Amino acid sequence: MLKLEDYHHQDPTWCRGCGLYGLFSAFKKVAFSLKIKPEKMSIISGIGCHGRLNSYFNAYGFHSLHGRTLPIAQGVKLANTQLSVVAVSGDGDAYSIGLGHFIHSLRRNVDMTYIVVNNRIYGLTQGQTSPTSRMNFVSPSTPYGSKEQPLEGLQMALAAGGSFIARGFSGAPQQLASLITAGMKHKGFSLVEVLSPCVTHNKIDTYQLFKSVIFDVDKDPNYDPTNKNKAWKIFSRHGDKLPVGLIYKETRPSFEEQSLPGRKPLAFLDLVPEAGKIEKILEKFE
Amino acid sequence: MLKLEDYHHQDPTWCRGCGLYGLFSAFKKVAFSLKIKPEKMSIISGIGCHGRLNSYFNAYGFHSLHGRTLPIAQGVKLANTQLSVVAVSGDGDAYSIGLGHFIHSLRRNVDMTYIVVNNRIYGLTQGQTSPTSRMNFVSPSTPYGSKEQPLEGLQMALAAGGSFIARGFSGAPQQLASLITAGMKHKGFSLVEVLSPCVTHNKIDTYQLFKSVIFDVDKDPNYDPTNKNKAWKIFSRHGDKLPVGLIYKETRPSFEEQSLPGRKPLAFLDLVPEAGKIEKILEKFE
Amino acid sequence: MIKDISVMIAGQAGDGVLFTGNVLAKILKKEGWEVATYRYFPSNIRGEPTHYIIRASQKKIFGLGNEIDVLLSFDCESIIKYTKLIAQGGVVLCDGEELSRLKPTHKKGKAFHKFPLKILAKKHFKNDIFKNMIALGALCYILDLNFRLIERIIINAFLKRKGKEIVRMNIDAVNLGCEQARLIVEPSERHKLVKKMDTGKMFISGDEAIAVGALAAGCRFFAAYPICPATEIWQWLALHFPEFNGIVVQTEDELAAINMALGASYAGTRAMTSTSGPGGSLMMESYGLSGMAEIPIVIVDVQRVGPSTGMPTKTEQSDLNQWIYGSHGEFPRIILSPGTVTECFDFTAKAFDLADKYQVPVVLLTEQDVGQNSRTAKKFDLSKIKIDRGKLLSEEELKNNKDYKRYAFTSNGISPRSLPSMKNGIHMVEGNEHDEKGYRDEDPENRIRMMQKRMGKLSGSAKDMIPPKLWGDKQATVGIIGFGSTLGPIVEAIEELGDLNIRAKNLQIRTVWPFPVETVRDFIRSCEFVFVVDNNYSGQLHDLIHSQVKPEAGMQKILNYSSVAFRPSDISTQIKRAVRDA
Amino acid sequence: MIKDISVMIAGQAGDGVLFTGNVLAKILKKEGWEVATYRYFPSNIRGEPTHYIIRASQKKIFGLGNEIDVLLSFDCESIIKYTKLIAQGGVVLCDGEELSRLKPTHKKGKAFHKFPLKILAKKHFKNDIFKNMIALGALCYILDLNFRLIERIIINAFLKRKGKEIVRMNIDAVNLGCEQARLIVEPSERHKLVKKMDTGKMFISGDEAIAVGALAAGCRFFAAYPICPATEIWQWLALHFPEFNGIVVQTEDELAAINMALGASYAGTRAMTSTSGPGGSLMMESYGLSGMAEIPIVIVDVQRVGPSTGMPTKTEQSDLNQWIYGSHGEFPRIILSPGTVTECFDFTAKAFDLADKYQVPVVLLTEQDVGQNSRTAKKFDLSKIKIDRGKLLSEEELKNNKDYKRYAFTSNGISPRSLPSMKNGIHMVEGNEHDEKGYRDEDPENRIRMMQKRMGKLSGSAKDMIPPKLWGDKQATVGIIGFGSTLGPIVEAIEELGDLNIRAKNLQIRTVWPFPVETVRDFIRSCEFVFVVDNNYSGQLHDLIHSQVKPEAGMQKILNYSSVAFRPSDISTQIKRAVRDA
Ligand SMILES: Cc1ncc(C[n+]2csc(CCOP(=O)(O)OP(=O)(O)O)c2C)c(N)n1
Ligand SMILES: Cc1ncc(C[n+]2csc(CCOP(=O)(O)OP(=O)(O)O)c2C)c(N)n1
Ligand code: SF4
Ligand code: SF4
Ligand SMILES: [Mg+2]
Ligand SMILES: [Mg+2]
């Protein structure tokens, strides 16, 4: 019998109060509730404070490169479709250096879950402006204020053809856990962004601020997360307020369903081909 | 007095019938009608058939790297804000390898024009599937059909905060010219996608096909290109049909308006600082 | 009797040069000749000169000869450009008006004929596309080739797709070409080839051979981004992988390609990516991740002319330095360089075993010249391939392991691997410096041991590496060192030198990294003269030998950075001069 | 009288080690001492050991000494780890219980005191943040420092932002620390420093010096992506560029950063980007574009421990190979390596002139050790900087030029540049091989000439390059060759060897590429023993010398890949052994 602690490898050393703690405990609960065996999970993380998550968690972990989290994770899943594959990025990792992969993963729709920890700042490198930092945000990299309009990752995901798009808040770990759970059950690429305060470097986007600007679409009985046009509008429905909850979901075949002929994971195929099979193909060269 | 031929440097060697010819002649007309002196234009192109455009055109040209067209073009503009800066990419250059830069350029909003030649194929490398190739598209790179959902670059641009988003068709050079003209007049980053048949490698997306699937929002009196939600919906309004015309436009300050303190192009600044100015700053280190 | 012949077909991009050449090459192969081809084409779409050389020989050949015996051209530009290359007694057919521009001295001893291919095609078939078949007919006449073979090729190519009528017209066009040539070409100008038996050899390019090698070695994951001249590898795999349950992914760029392959390999699948120069440069960061995280991967670089976009369809060996020294920091790597299409196959298969055994990136470094040009080769020996996945643990072996350490310090630095999904095998894979379990560790002592572990993995590896191969007379005191596609011209240069009574030998470096220091040192010591052949500007192999072997004696560089492949005489004349002048 | 002293402040990340150390360093600098600091901190957020060494000396110093004279620690871990480093007569204050774990042999000749910083802070100020000021007070007592200075620093730091009350509390905490230390530390254990005059020197890090150099040299465009340990360059520029009409752009990644800088430079602005290892690897493709398209650019790599993510906050010299040999294909490049903060400033300014003159990428290759650690330096001489933009045409000069050729073949390969917006200067800039006007050209003859033009640009450049610098006794026959931040330890190792009657000298390579072959050859010839110091595993400088200089005699490697900077004795003991054993 698996216990919740079976997913805990070691205590995190994030700053006290960091939003990542909320995600960590929510995520352990998800794995526990889904009864995924630790060895059947592979968690791929990028470089940043978020990137430490898998070294605290008990599962196969891969701390990869800044911005390359998704290509690696997709490779893992395609090589072994029986694994639960989860990738974890920060807002810099996902929306800045890794943005091209982000969009292409959404359209490719490999069956995996992508958690983007959005603290609206570069945490590990000591607090520079990120693509989700607000206009005129002052940081060591933009001492006179950022002059670039922030990105709304989820709206981008919608335009890119994402099949599961949700947002949670590390200050609301229960909803967060249920969103990640739904994402992991989704057959295809599921995106869960987590609003997550960086208590050390971001003095603007605090727990309080997030609490005051979010509204929960899960609680809105009129909201229909299968309606793409509604999903689009939700981002501007309440001015600058941020929707959380399940924003959009659609059913479409995953990439591997369509591309991978065999059922057995590639990683465990018998590599010696049937006698004469390759020879037969080589006849074309004669 | 400038003449139309002043923008013609040499005859193109694209395949006979290629959509790029339509763009080339439309673009010359734009430059002519705007009376831009050839030496006041800088055209930066990516790698691909589209990338040859600036070597046929008479203006400063930079044939850059596959996917890096936009960062270079933005650098050019920021260094000399008095230049007319135009970047030209293909669908591979813009939406595949260069996608991250594409999105970030839209939000950054440097005042320049970006022409994306969308032939739904990799022309120069001999006809591989591109991110705009349709589902199940058969090509040498996907002999059993592509299993990735195509990207709609303009919808992405809308989600990314683009301030000018338009689409033309190389089979309709007049409208194309007027869209590019409007784009070049727009204060900020203007995106003009061009549907452009590759007659050699893409036997599906032909002139005929494009003609049969496009609808022109410029001709729709009820269409309002300043309404973002309407713009979003236009992409699915007529099922799989493709809108052409001015899709969206908004007015917001360009990056350089907000970031560049001086008016004089950086490229021609006097580099010798006022006596004592740096010395004064260095006192902080004492 | 003709023992060796080179035919050039020339024209503008779009003229069908490639098609015509390919058919001719196939016929010659079926006639039992050794065949090597050379494609010279612009990285443009239309309207620049292109040519295709088909060389046939009675002996084993790997590349170009020095001269052209028969030249057929769809325009005149190439004729003027390549007159110097035409052999004495050579014959030229040209569809164009400008033959008159040739000076009489250039024409001496060579036969030039005007041959109105397009006019004939239009007149007889109403379509100038038939010019290619007419050209083939003419060549068949000159070379005295078997018409049955060409008929069979036409039937194979067109019957199903285009129907009987087209087949008939094509055959008619061939016959017309033959007849017309008979009218124009003097019997004495013909280059009649003897007929031999088709020995069942293959006619295959290096790119295709690499793809076959990967498939045979059990590679089942391939991710790449299109680029000349490497895309052919992918295109072959895309066709054939599905039958073997493998997958090919077209990624958004080269960064994604290599990382996806790394992910697949980490999860247990043999994985490969292929690219050329610019893509290789983009892969540098992840190349280092492979080394640091000890994830096997095979990377193919089919080199083209650099730097930057350079000349995408031309050959060069200028990425050697990047693969040896590129990426920040230091990690172990293996770089193999095949000289023939057969070696492309063999080395690719071997690359997977080496990657698995040493848990390092293995680079298969080849060139456009080998990659895109087809050559005859003995049928690949698939039975030779024994897949050895190295220290890959099974779930069984892990059963009693309560303290599995992914990066355990072992005597040879190689740590057994577990795969995701295996019980008791849980670990971290890390690009940061890490401890034996894979967790980030910044202790200097651990750092030192981990560097020694990783860098030490290849110290005892010589026995597993593909050793340098000696060509020519062991006793010779003129030594040539080269790698990759320069093998052909070097070997033939040795023959040419032999004719001049200069005895030379060649050491073909086949594993360029780790560098085979001892063998090269011994080779150098056994020579009076040493020449290092590099298809690049700076002499990258030459400098590498200096930094690794630290030879006592000097060596001379033989360089080529012209974008055209070496010819044997480029090498033999330089050596002759140096040796005679000494 | 104390001539040289090293103080270590240690603790866990989050303990305020950096703050405390910085204040102490400033005081020492104001007291007129030469100061060098060394930051050793984890690439983690919280809870791993960190320390800061402040060394003060009466003579010029560039880095660490061998021992620690005074150690103040917020916990005990570091004490145990670094006991070996503590000098005879050294004094240790430690806020922790584990001193008892130390063996008596380790303690011999050293004074260890428990010093309850946190308890004192809580008790007297209800907040353990005051532990840093208490620590400073204690150090001031031990070192006999000027209390006025520390008061002034506190007032500057806190008065405006926090108000009088906080200033008072801080000053009280300093006094408390001093009083408590007086109770614990024996007078004989104190390390009293003489007071000197503040000579108006600067106290500055390499990163800051690079930023100042760029500003002074007329750089007005900077684009980068955050990365340790290079971000400080950017942060300084971001603050100060606007005043000078310059612009700093935070790009989406390093690919964008270098390309944006290339675009700006092509348009005429002096442009720079800065990064560290991983970012450098990502820039490889564009590095080649700069070489091929002949666009000047300055790239700063503040090296950290590799490969891959490695150890982001630690020092190493392992990217040398990548910058010399990286990127596919071949193009000219210049690589400068400063050894001191002053050279960081000088070489950066110089880099822009070289980039403009030769129209090549210039890499400023430095290390975390120089980049992030502050040292005293003479005030930078801004009057020395003469901006020379090379062959940059004016609109005037172009007036009568009807046939301007951007890539004109000239005697030295350098072609005058026009800038977009200039009449008569229109041209193409190309990453493909191109003709003199910049248009794509695939002709082999043109290719050869263009390669010779580009690669030849640096052949006559030696006179413009920063020459190697000789340190120590010219007549010595023990020679040391090094580059970059190893300068400090090497120079001090020479002194230490001098004390042992071994006369040694050092050749500091300051332009690592193009390599100063002649000077290095002469240096090697003048020695009986040659040692090459490399802060990396494989001896990259050592191998570079072999490949470039091809020296007759062997050389010995002195390596360090521990992630901790060299200390002088690491070098001197190896040399001593080798020389004595010979
Ligand atoms: C190629 C590369 N560039 C830059 C870095 C430096 N770097 C490390 S983490 C990071 C950004 C972290 O921001 P984010 O992704 O938002 O993660 P967070 O720390 O906020 O969780 C950067 C730029 C790197 N490791 N690799
Ligand atoms: C880094 C890199 N990868 C790959 C290539 C090869 N390449 C040249 S053009 C091209 C794609 C062309 O497609 P697109 O951008 O749509 O342009 P088109 O030819 O269709 O106009 C590719 C992949 C390259 N030049 N550089
Ligand atoms: S720096 Fe910010 S994001 Fe990182 S651990 Fe601390 S609070 Fe969390
Ligand atoms: S290959 Fe296609 S895109 Fe390229 S020139 Fe020909 S028709 Fe145009
Ligand atoms: Mg973040
Ligand atoms: Mg295209």
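Residues numbered from 1 in each chain as written. Chains lettered and ligands numbered in written order. Predicted model: local features only at pLDDT ≥ 70, side-chain atom pairs only at ≥ 80, totals over all residues. Heavy atoms only, no water.

Engineer: Which residues make up the overall build of chain C, and what values go with them?
Structural biologist: Regarding its fold elements, chain C presents 21 helices and 21 strands. For chain C, the C-alpha radius of gyration of 26 Å lies close to 25 Å, the compact-globule estimate for 582 residues. Seen along its three principal axes, the alpha-carbon backbone of chain C occupies a region of about 85 × 65 × 40 Å. Across the 582 residues in chain C, those meeting the buried criterion constitute 69%. (Helix = DSSP H or I, 4+ residues; strand = E, 2+ residues; numbered from the N terminus. Rg over C-alpha atoms; globule rule 2.2 N^0.38 Å. Buried < 20%, exposed > 50% of the residue type's maximum accessible area, 1.4 Å probe, protein only.)

Engineer: Tell me about the site of ligand 4, and name the residues and values.
Structural biologist: Taken together, B:W14, B:C15, B:C18, B:C49, B:N119, B:C198, B:V199, B:T200, B:H201 and C:I45 are the residues near ligand 4. The residue makeup of the shell around ligand 4, split by class, is seven nonpolar, three polar and no charged. (Near = heavy atom within 4 Å. Nonpolar A, V, L, I, M, F, W, Y, C, P; charged D, E, K, R; others polar.)

Engineer: Can you explain the site of ligand 2? Please cite residues and give values.
Structural biologist: The environment of ligand 2 is made up of 23 residues, and the closest members are B:C49, B:D91, B:G92, B:D93 and C:E254. This site is not confined to one chain, since residues near ligand 2 come from chains B, C and D. One of the side-chain nitrogen or oxygen atoms of B:N119 is found 2.9 Å away from an oxygen atom of ligand 2. Contacts to ligand 2 include B:L124, whose backbone N or O atom sits 3.0 Å from an oxygen atom. (Polar contact = N/O pair within 3.5 Å; in protein donor to acceptor, adjacent residues only side chain to side chain.)

Engineer: Residues and numbers for the pairing of strand 9 (residues 247–250) of chain C, please.
Structural biologist: Residues and elements named next belong to chain C. Residues I247 and V249 line one face of strand 9 and the alternating positions V248 and Q250 line the opposite face, and both faces are buried. Inspection of the sheet shows strand 8 (residues 221–224) paired to strand 9 by four bridges, in the parallel sense. Looking at strand 9, one finds that F221 is bridged to I247. Handedness of the crossover is the feature at issue here: the chain leaves strand 8, passes through helix 9 (residues 231–240), returns alongside strand 9, and the resulting connection is right-handed. (Pairing = 2+ DSSP bridges. Right-handed = clockwise from strand over helix to strand, strands pointing away.)

Engineer: So what about the interface of chain C and chain D? Which residues, and what values?
Structural biologist: Interfaces are frequently sized by the accessible area removed from exposure as the parts join. If you look at the interface, chain C gives 69 residues, while chain D gives 69 residues. When chain C packs against chain D, the two sides together hide about 5400 Å² of surface, and 55% of this comes from carbon and sulfur. Looking only at chain C, the three residues that lose the most surface to chain D are C:H328, C:E330 and C:E442, adding up to 14% of its buried area. Across the pair C:R440 and D:E48 runs a salt bridge whose closest N-O atoms are separated by 2.6 Å. Seen at the junction of chain C and chain D, the total is 38 residue pairs in polar contact (both at pLDDT 80 or more). (Contact = heavy atoms within 4.5 Å. Buried area = accessible area lost by both parts, 1.4 Å probe. Salt bridge = Lys/Arg side-chain N within 4 Å of Asp/Glu carboxyl O.)

Engineer: Break down the pairing of strand 13 (residues 361–367) of chain D for me, citing the residues and quoting the values.
Structural biologist: Every other side chain in a regular strand lies on the same face of the sheet, so the side chains alternate between the two faces. Residues and elements named next belong to chain D. In terms of burial, strand 13 is a largely internal element, seven of the seven residues being buried. Relative to strand 13, strand 11 (residues 297–303) runs parallel, the two sharing seven bridges. Bridge pairing links V300 to L364 in strand 13. Regarding topology, helix 14 (residues 341–358) serves as the crossover connection from strand 12 (residues 334–336) to the parallel strand 13, and that connection is right-handed.

Engineer: So what about helix 9 (residues 228–237) of chain A? Which residues, and what values?
Structural biologist: For helix 9 of chain A, every residue scored as buried is listed here: A:A231, A:W232, A:I234 and A:F235. The arc that holds every buried residue of helix 9 of chain A, seen down its axis, measures 150 degrees, which confines them to one face. Along its buried surface, helix 9 of chain A packs onto helix 6 (153–159), strand 5 (164–169), strand 7 (214–216) and strand 8 (242–249) of chain A together with helix 6 (153–159) and helix 9 (228–237) of chain B. If you check the start of helix 9 of chain A, you find a side-chain oxygen 3.0 Å away from the backbone N of A:N229, and it comes from A:N227. Looking one or two residues beyond helix 9 of chain A, the residue adopting positive phi is A:G239, at roughly 60 degrees. (Arc of directions from axis to C-beta.)

Engineer: I'd like to hear about the coordination of the magnesium ion (ligand 6), residue by residue, with values.
Structural biologist: Residues and elements named next belong to chain B. For the magnesium ion (ligand 6), the full set of protein donor atoms is D91 (OD), N119 (OD1) and I121 (O), at a range of 2.0 to 2.2 Å. Every donor residue of the magnesium ion (ligand 6) comes from the same chain, spaced as D-x27-N-x1-I. One end of the pair, D91, is in helix 4 (residues 91–97); the other, I121, is in the loop between strand 4 (112–118) and helix 6, with 30 residues separating them in the sequence. The pair formed by D91 and I121 is uniform in burial state, with each residue classed as buried. (Donors = N, O, S within 2.8 Å, 3.2 Å for Na, K, Ca; no water.)

Engineer: Describe in detail the packing of helix 20 (residues 540–549) of chain C against helix 20 (residues 540–549) of chain D, supporting the description with residues and values.
Structural biologist: Contact pair helix 20 of chain C / helix 20 of chain D: the axes reach a minimum separation of 7 Å and the direction vectors enclose 125 degrees. Taken as axis vectors, helix 20 of chain C and helix 20 of chain D run oblique relative to one another. At the point where helix 20 of chain C passes helix 20 of chain D, the crossing takes the right-handed sense. Here C:D543, C:H546, C:S547 and C:Q548 of helix 20 of chain C come into contact with helix 20 of chain D, specifically with D:D543, D:H546, D:S547 and D:Q548. Tallied by class, residues from the contact of helix 20 of chain C with helix 20 of chain D come to no nonpolar, six polar and two charged. (Axes fitted to C-alpha atoms, helices over the stretch in contact; angles between N-to-C directions. Parallel < 35°, antiparallel > 145°, perpendicular 65-115°, else oblique. Left-handed = near helix turned anticlockwise from the far one by under 90°.)

Engineer: Can you lay out the interface of chain C and chain B for me, pointing to particular residues and giving the numbers?
Structural biologist: Opposite the 21 residues of chain C that make contact, chain B presents 27 residues. Surface buried jointly by chain C and chain B totals about 1900 Å² across both partners, of which 52% is contributed by carbon and sulfur atoms. On the chain C side of the interface with chain B, the three residues burying the most area are C:I45, C:R46 and C:Q250, jointly 33% of the side's total. At the junction of chain C with chain B, the criterion picks out zero salt bridges. For the pair chain C and chain B, the number of links is nine residue pairs in polar contact (both at pLDDT 80 or more). Considering each element in turn, the side of chain C that touches chain B owes the most residues, five residues, to helix 9 of chain C.

Engineer: An account of the relation of the copies chain C and chain D is needed here, citing residue identities and associated values.
Structural biologist: In this structure, two copies of a chain are linked by a rotation about an axis accompanied by a shift along it. Note on the identical chains: chain C maps onto chain D by a rotation of 180 degrees and an axial translation of 0.0 Å, with an RMSD of 0.1 Å. In symmetry terms, the pair is related by a two-fold rotation axis. A shared interface surface links the copies, since 100% of the contact residues of chain C are contact residues in chain D too. (Least-squares fit on C-alpha atoms with pLDDT ≥ 70 in both.)

Engineer: Can you tell me about the confidence of the model for chain C, naming the residues and giving the values?
Structural biologist: The predicted model of chain C averages 94 in pLDDT, with 100% of residues at 70 or higher. Interface predicted TM-score (ipTM) for the complex: 0.97; the corresponding pTM is 0.97. (pLDDT = per-residue confidence, 0-100.)

Engineer: Outline a positive patch on the surface, listing residues and values.
Structural biologist: On the surface, a cluster of positive charge is contributed by A:K37, A:K40, C:K402 and C:K423. For A:K37, the position within the fold is in the loop between helix 1 (20–33) and strand 1 (41–45). (Patch = residues over 30% accessible without salt bridge, like charges linked within 9 Å, V, L, I, M, F, W, Y side chains within 5 Å. Areas by Shrake-Rupley, 256 points an atom, 1.4 Å probe, with all protein chains shown as cover. Lys, Arg positive; Asp, Glu negative; His and termini not counted. Charge placed at Lys NZ, Arg CZ, Asp CG, Glu CD.)

Engineer: Break down the environment of D:I571 for me, citing the residues and quoting the values.
Structural biologist: All names here are of chain D. Positionally, I571 belongs in helix 21 (residues 568–581). In this structure, the C-alpha to C-alpha distance between I571 and E496, residues 75 residues apart in sequence, is 9.7 Å. When sequence neighbours within four positions are dropped, the list of residues in contact with I571 reads P489, I490, A493, V533, I558 and F566.

Engineer: Now, about the sheet that holds strand 7 of chain A: what can you tell me, with residues and values included?
Structural biologist: Taken together, nine strands build an open sheet; the order of strands is 7(A)-8(A)-5(A)-6(A)-4(A)-3(A)-1(A)-2(A)-15(C) and the sheet is mixed. Edge strands, defined here as strands with exactly one partner in the open sheet, are strand 7 of chain A together with strand 15 (428–430) of chain C. Taking each pair of neighbouring strands and ignoring which way they run, the sheet shows an average axis angle of 20 degrees. In the sheet, strand 2 (residues 60–63) of chain A pairs with strand 15 of chain C via three bridges, with the strands oriented parallel. Paired with A:H63 across the strands is C:E430, a residue of strand 15 of chain C.

Engineer: Account for the packing of helix 3 (residues 69–79) of chain A against helix 10 (residues 254–266) of chain C, with residues named and values stated.
Structural biologist: Here helix 3 of chain A crosses helix 10 of chain C at 40 degrees, and the two axes come no closer than 6 Å. Taken together, the axis directions place helix 3 of chain A and helix 10 of chain C in an arrangement best described as oblique. Crossing hand, helix 3 of chain A versus helix 10 of chain C: right-handed. Two secondary-structure elements touch here, helix 3 of chain A through A:P71, A:I72, A:Q74, A:G75, A:V76 and A:A79 and helix 10 of chain C through C:A256, C:N259, C:M260, C:G263, C:A264 and C:Y266.

Engineer: Give me the lowdown on helix 9 (residues 231–240) of chain D, citing residues and values where you can.
Structural biologist: For helix 9 of chain D, the tally of buried residues reaches seven of ten residues, placing the bulk of the element in the interior. If you check which residues of helix 9 of chain D are buried, you get D:T231, D:I233, D:W234, D:W236, D:L237, D:A238 and D:H240. Among the structural elements, helix 11 (277–282) of chain B together with helix 8 (206–216), strand 8 (221–224), strand 9 (247–250), strand 10 (271–275) and strand 11 of chain D are those in contact with the buried residues of helix 9 of chain D.

Engineer: Which residues make up the sheet that holds strand 2 (residues 60–63) of chain B, and what values do they have?
Structural biologist: Reading across the sheet, the nine strands line up as 7(B)-8(B)-5(B)-6(B)-4(B)-3(B)-1(B)-2(B)-15(D) and stay open at both edges, with mixed pairing between neighbours. Each having just a single partner strand, strand 7 (214–216) of chain B together with strand 15 (428–430) of chain D make up the two edges of the open sheet. Strand-to-strand, the axes of this sheet are offset by a mean angle of 20 degrees, without reference to chain direction. Taken together, the three bridges between strand 7 of chain B and strand 8 (residues 242–249) of chain B define a ladder with parallel strand orientation. Across the sheet, B:I214 pairs through a bridge with B:L242, a residue of strand 8 of chain B. Sitting on the sheet, helix 1 (residues 20–33) of chain B touches strand 1 (41–45), strand 3 (84–90), strand 4 and strand 6 (189–195) of chain B, and the angle it makes with strand 4 of chain B is about 160 degrees.

Engineer: With reference to specific residues and values, describe empty space enclosed by the protein.
Structural biologist: Counted by the stated rule, this structure contains ten cavities of 30 Å³ or more. There is about 120 Å³ of room inside the largest cavity. Around the largest cavity, the lining comprises 17 residues; the ones closest to its centre are A:I97, A:G100, B:G100, C:D253 and D:D253. Elements with a minimum of two residues in the lining of the largest cavity: helix 5 (99–108) of chain A together with helix 4 and helix 5 (99–108) of chain B. For the lining of the largest cavity, the element with the highest residue contribution is helix 5 of chain A, accounting for three residues. Of the residues assigned to the lining of the largest cavity, the class counts are five nonpolar, seven polar and five charged. (1 Å grid on protein atoms, 1.4 Å probe; cavity = no way out; pocket = protein on both sides within 12 Å on 5 of 7 lines; lining within 4 Å. Points joined across faces, edges and corners; volume = space filled by probe spheres on them.)

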